[in-house]
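Each chain, letter by letter, is given below.
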Amino acid sequence: MEKVSLKKDTNILQYVKENRKDNVVVARIDGRLVDLDTTLDSEKEVELISINDDEGLQVLRHSAAHVMAQAIKHIYKNAKFAIGPATDSGFFYDVDVGRTLTISDLPPVEEEMKRIVRADYSFKRKELSKEEALSYFSNDEYKIDILRRIKDSKVTLYTQGDFTDLCGGPHVPSTSFIKYFKLLSVSGAYFRGIETGPVLQRIHGACFATEKELNDYLHFLKEVKKRDHRRLGKELDLFHITDEIGAGFVIWHPKGAMLRHLIEQYEIREHLKRGYELVKGPELLRSELWKKSGHYDNYRELMYFTKVENQEFGVKPMNCLGHIAVYASKKRSYRELPKRYFELGIVHRHEKSGVLHGLLRLREFTQDDAHIFCRADQLNEEITKVLDFVKDTMDIFEFDFSLELSTQPEKHIGSEENWRKATQALQQALEKTNKEYRINEGEGAFYGPKIDVKLKDALRREWQCATIQCDFALPERFNLVYTDKDGREKRPVMVHRVILGSIERFVAILIEHFTGDFPLWLAPVQARILPVSEKFLSYGMEVYKRLSERGLRIEIDARGETLSRRIREAEKAHIPFMCIVGEREKERKSIAVRQRKKGNMGNFSVEAFSNMIDEMCKNRINQTA
RNA sequence: GCCCAUGUAGCUCAGCGGGUAGAGCACUUCCUUGGUAAGGAAGAGGUCGCAGGUUCAAGUCCUGUCAUGGGCUCCA
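Cut-offs used in this document
Residues numbered from 1 in each chain as written. Chains lettered and ligands numbered in written order. Predicted model: local features only at pLDDT ≥ 70, side-chain atom pairs only at ≥ 80, totals over all residues. Heavy atoms only, no water. Helix = DSSP H or I, 4+ residues; strand = E, 2+ residues; numbered from the N terminus. Areas by Shrake-Rupley, 256 points an atom, 1.4 Å probe, with all protein chains shown as cover. Lys, Arg positive; Asp, Glu negative; His and termini not counted. Charge placed at Lys NZ, Arg CZ, Asp CG, Glu CD. Axes fitted to C-alpha atoms, helices over the stretch in contact; angles between N-to-C directions. Parallel < 35°, antiparallel > 145°, perpendicular 65-115°, else oblique. Left-handed = near helix turned anticlockwise from the far one by under 90°. Contact = heavy atoms within 4.5 Å. Nonpolar A, V, L, I, M, F, W, Y, C, P; charged D, E, K, R; others polar. Near = heavy atom within 4 Å. Polar contact = N/O pair within 3.5 Å; in protein donor to acceptor, adjacent residues only side chain to side chain. Domains from an automatic or database assignment. Buried area = accessible area lost by both parts, 1.4 Å probe. Salt bridge = Lys/Arg side-chain N within 4 Å of Asp/Glu carboxyl O. Expected span 1.5 Å × (residues − 1). Buried < 20%, exposed > 50% of the residue type's maximum accessible area, 1.4 Å probe, protein only. Pairing = 2+ DSSP bridges. 1 Å grid on protein atoms, 1.4 Å probe; cavity = no way out; pocket = protein on both sides within 12 Å on 5 of 7 lines; lining within 4 Å. Points joined across faces, edges and corners; volume = space filled by probe spheres on them.

(A) Fine view of the overall build of chain A. Scanning chain A for helices and strands turns up 19 helices and 31 strands. Principal axes of the C-alpha set define a box for chain A whose edges measure 85 × 75 × 55 Å. Surface summary for chain A: the accessible area is close to 30600 Å², and the carbon and sulfur share equals 48%. Both charge centroids of chain A, one from 102 positive and one from 98 negative side chains, sit 3 Å from each other.

And the structure:
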């Protein structure tokens, strides 16, 4: 971005051309973005914005959408267009060509786009009244609908070559600016997101300022595919999901169950260390209770119910009621607060069929859920402790993360005083982390403000995991109290919080983050023993026994395959270490250690190898890093 | 829940202008007894997601249904 002062009657496009500012695509005058082809009516400060600026790139992408629309119009004469905005990696356009499109329809469109780019049509802006525009688009129900929603009496059209579209602009000067793009996918999308309305074809494309950025993005997409937890889950034999058992339910295989177990073991240990108590509520609770909590009214479609002997029960979609029951089981004194109840709670939610997605969206999953019951004056410290917990956990699993505070929404319950105090407590705790955080005004839950934690994985993708929510509603509804110093009964504050969120979902994120190469302390199998031939099987079994006794997670591959083959298969199975035992090892009572992807590490005694593994686990060293 | 696409052996996929199925890998057996990423041979394995329909005849065409994928909507 560059600021220049230009005289009256200067045409910015001409100025840019004369001064060889090739990447400049749009300008800002008096705070408004305008096309370069603008002639100044007085001397002005003008900001020149290039495709390397965020705003310039957005304009470029938006123009790319128009080029795609033009290409589609050339191929499908009756095509109609709804909206075609820029996205954070390119653009899409929702189109109606009278039929559904498939991925094989895209290459011709892309070819035509390239032709349009080469032809270098200028984008020409034209202002006209809404009535004129309505008559221009009289055959296009989508544009008519959009026009009717525009408040201004004046609208603008943009024309490049033989194609004109309703658009607020601005655009790049001409189509040749759009050099690096690729059409990626097509899918159905409702017009204006209305489920009952017409379904359009949404074509997504990637578009970048440079060839390198486009290639990097395409590489990123490949990497995403390569790391897909559904693919790796199958390859690594961790779990499967089948309609025979039920959509949205996971069948964990031994290695996947071990991985979960290691995570859960870590969690239980950490929670106990931090003053949480383990509790456990039932899976089914009487419907009366869900009525009392408000779930019956607000959450019913997502719950499973069952009726036995005239009594209705709901399968829990959340763990709070069990924890509340623990709290309410006796009189509480201000002295015993805070109470921190933790449970690896299994919850069921009947998610709509179309949203299920591997381990990321299930109908049964496990939350690392805790509820903290505390006094208002303890809230700040409790939140701080939870944030510390989040930070330590993210460090251990090797994730970066960011924080967000969501404040009071319009529709809410609880006193203003409570909201003020709780929001302040959350905010003060956030300040103490010395980390930047974003504020989402009015995005809190109706029952209280919350902090959301988004972790960033190896591909810099963000995932919502931890969340910390203050709740004024449930203590009220269940009439929870404690006896304060002055002998009066007071209402505790309840904090709902999860650290990893859902264990299943977190496993998915871990798989993708590490591409299945888990840190040694999480690797379901840490080493595989490979006897060179059957002659050394009994020595191999001896090594197996000794390593297992020392707590290592070991397998032995005693099949009659060649050593090379068994090494290859262990490599493909992402087993971190191979212990090769043959004549030499048997004689010296040792093992030849091979590290995955790195090769032979030489000979170790069983003790030395086992100590090395212990050490790496203790320091949580990622052996594949 | 909605739109489109897909559903064939444990896995990845081929076969489809209708004539009762094929490859590679995995699996089993035999030979090979191996030293750091695929030794060789033989064999077994499928009511072609499920249920109807059209037809002399249906993975192949039609309808419904379930599931998966990409989106839309949703994620309190």
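The structure having been displayed, the exposition proceeds.
(B) Representation of the packing of helix 8 (residues 254–273) against helix 15 (residues 503–514) in the model. Interaxial distance between helix 8 and helix 15 falls to 11 Å at its minimum, and their mutual angle equals 115°. In terms of orientation, helix 8 lies roughly perpendicular with respect to helix 15. Of the two elements, helix 8 crosses helix 15, and the hand of that crossing is right-handed. For the pair helix 8 and helix 15, contact is made by L259, R260, I263, E264 and E267 and by I503, E504, F506, V507 and L510, respectively. For the contact of helix 8 with helix 15, a count of residues per class yields 6 nonpolar, no polar and 4 charged.

(C) View of the protein's contact with RNA strand B. Surveying the vicinity of RNA strand B reveals 45 residues, the closest of which are Y190, Y299, M318, S533 and R565. Near the protein, meaning within 4 Å, the atoms of RNA strand B are sugar or phosphate in a fraction of 49%, with bases accounting for the rest. Take R230: an N or O atom from its side chain is 2.8 Å from a phosphate oxygen of RNA strand B. Contact distances for RNA strand B include 2.5 Å between a base nitrogen and a side-chain N or O atom of R349. Elements represented by at least two residues in the surface near RNA strand B include exactly strand 10 (180–190), strand 11 (199–208), helix 7 (229–235), helix 17 (563–572), helix 18 (583–588) and strand 30 (590–595).

(D) The domain arrangement of chain A, seen in detail. The assigned domain composition of chain A is domain 1 (2–50), domain 2 (54–227), domain 3 (275–514) and domain 4 (527–618). Put simply, the middle of domain 1 and the middle of domain 2, counted by C-alpha atoms, are 25 Å apart. Counting the surface domain 1 buries against domain 2, the share from its top three residues, V25, L33 and D35, is 56%. In this structure, D35 engages R125 in a salt bridge whose closest nitrogen and oxygen atoms are separated by 3.9 Å. Summed over the shared surface of domain 1 and domain 2, the number is 3 residue pairs in polar contact (both at pLDDT 80 or more). Broken down by secondary-structure element, the contributors of at least two residues to the side of domain 1 that touches domain 2 are strand 2 (24–29), strand 3 (32–35) and strand 4 (44–50).

(E) Geometry of helix 6 (residues 211–227). The end-to-end C-alpha distance of helix 6, which contains 17 residues, comes to 24 Å, matching closely the 24 Å that a straight helix rising 1.5 Å per residue would cover. Taken together, the buried positions of helix 6 are L214, Y217, E223 and R227. Buried residues along helix 6 sit in contact with strand 10, strand 11, helix 7 and helix 15.

(F) Quick look at the sheet that holds strand 28 (residues 554–556). Pairing is mixed in the open sheet, where 5 strands are placed in the order 28-27-29-30-31. A strand with exactly one partner marks an edge of an open sheet, and here the two such strands are strand 28 and strand 31 (599–605). The mean inter-strand angle of the sheet, taken between neighbouring strand axes irrespective of direction, is 25°. Where strand 30 meets strand 31, 6 bridges bridge the pair, whose relative direction is antiparallel. Residue pairing in the sheet places V593 in a bridge with G602 of strand 31. Strand contacts of helix 19 (residues 606–618): strand 27 (527–531), strand 29 (577–581), strand 30 and strand 31, with the helix running at about 115° to strand 31, the strand carrying the most contacts.

(G) Structural detail: the packing of helix 2 (residues 54–75) against helix 3 (residues 106–119). One way to put it is that helix 2 packs onto helix 3 with a least axis distance of 8 Å and a crossing angle of 115°. On the basis of the axis angle, helix 2 is roughly perpendicular to helix 3. For the element pair helix 2 and helix 3, the recorded crossing hand is right-handed. Contacts between helix 2 and helix 3 pair A64, V67, M68, Q70, A71, I72, H74 and I75 from the former with P108, V109, E112, M113, R115, I116 and V117 from the latter. Here the contact of helix 2 with helix 3 is built from residues that sort into 11 nonpolar, 2 polar and 2 charged.

(H) Spotlight on the pairing of strand 26 (residues 493–502). Of all the 10 residues making up strand 26, 10 are buried; the element is thus mostly covered by neighbouring parts of the structure. Across 7 bridges, the pairing between strand 19 (residues 364–374) and strand 26 is antiparallel. By the bridge assignment, Q367 is partnered in strand 26 with S502. In this structure, strand 23 (residues 462–471) lies alongside strand 26, joined through 5 bridges in antiparallel fashion. Bridge pairing in strand 26 links Q469 to H496.

(I) How the structure looks around empty space enclosed by the protein. A full pass over the atoms with the stated rule returns 2 cavities of 30 Å³ or more. Estimated volume of the largest cavity: approximately 100 Å³. L236, L238, K255, G516, F518, A523, P524, V525, A573, H574, I575 and P576 are the residues that line the largest cavity. Among the residues forming the lining of the largest cavity, the class breakdown is 9 nonpolar, 2 polar and 1 charged. Approximately 30 Å³ is the volume attributed to the second largest cavity.

(J) Region of interest: the side chain of E264. Within the secondary structure layout, E264 lies in helix 8. At a separation of 2.8 Å, a polar atom in the side chain of E264 contacts the side chain of R260.

(K) Main features of unusual backbone geometry. A cis amide bond, omega 0°, links L337 with the succeeding residue P338. Here P338 shows up in the loop between helix 11 (320–327) and strand 18 (339–348). Located in the positive-phi region is D237, a residue other than glycine, with phi close to 60°. Structurally, the position occupied by D237 is in the loop between helix 7 and strand 12 (239–240). Although it is not a glycine, E398 adopts a positive phi angle of roughly 65°. Among the structural elements, E398 can be located in the loop between helix 12 (379–396) and strand 20 (400–406).

(L) Representation of the layout of surface pockets. Empty space within the largest pocket amounts to approximately 1100 Å³. Forming the walls of the largest pocket are 38 residues, and the residues nearest its centre are Y299, M318, R349, Q367 and Q469. When residues of the lining of the largest pocket are assigned to their parent elements, the largest contribution, 6 residues, is made by strand 26. Class assignment for the residues of the lining of the largest pocket results in 15 nonpolar, 13 polar and 10 charged.

(M) Broad picture of the sheet that holds strand 11. Taken in spatial order, the 4 strands line up as 5-6-11-10 in an open sheet, and their pairing is antiparallel. The strands lining the two open edges of the sheet, one partner per strand, are strand 5 (80–81) and strand 10. When strand 6 (residues 90–96) meets strand 11, the two strands line up antiparallel, connected through 6 bridges. Opposite F91, over in strand 11, you have G205 as the bridge partner. Its contacts with the sheet put helix 3 on strand 6, strand 10 and strand 11, and the angle it makes with strand 10 is roughly 130°.

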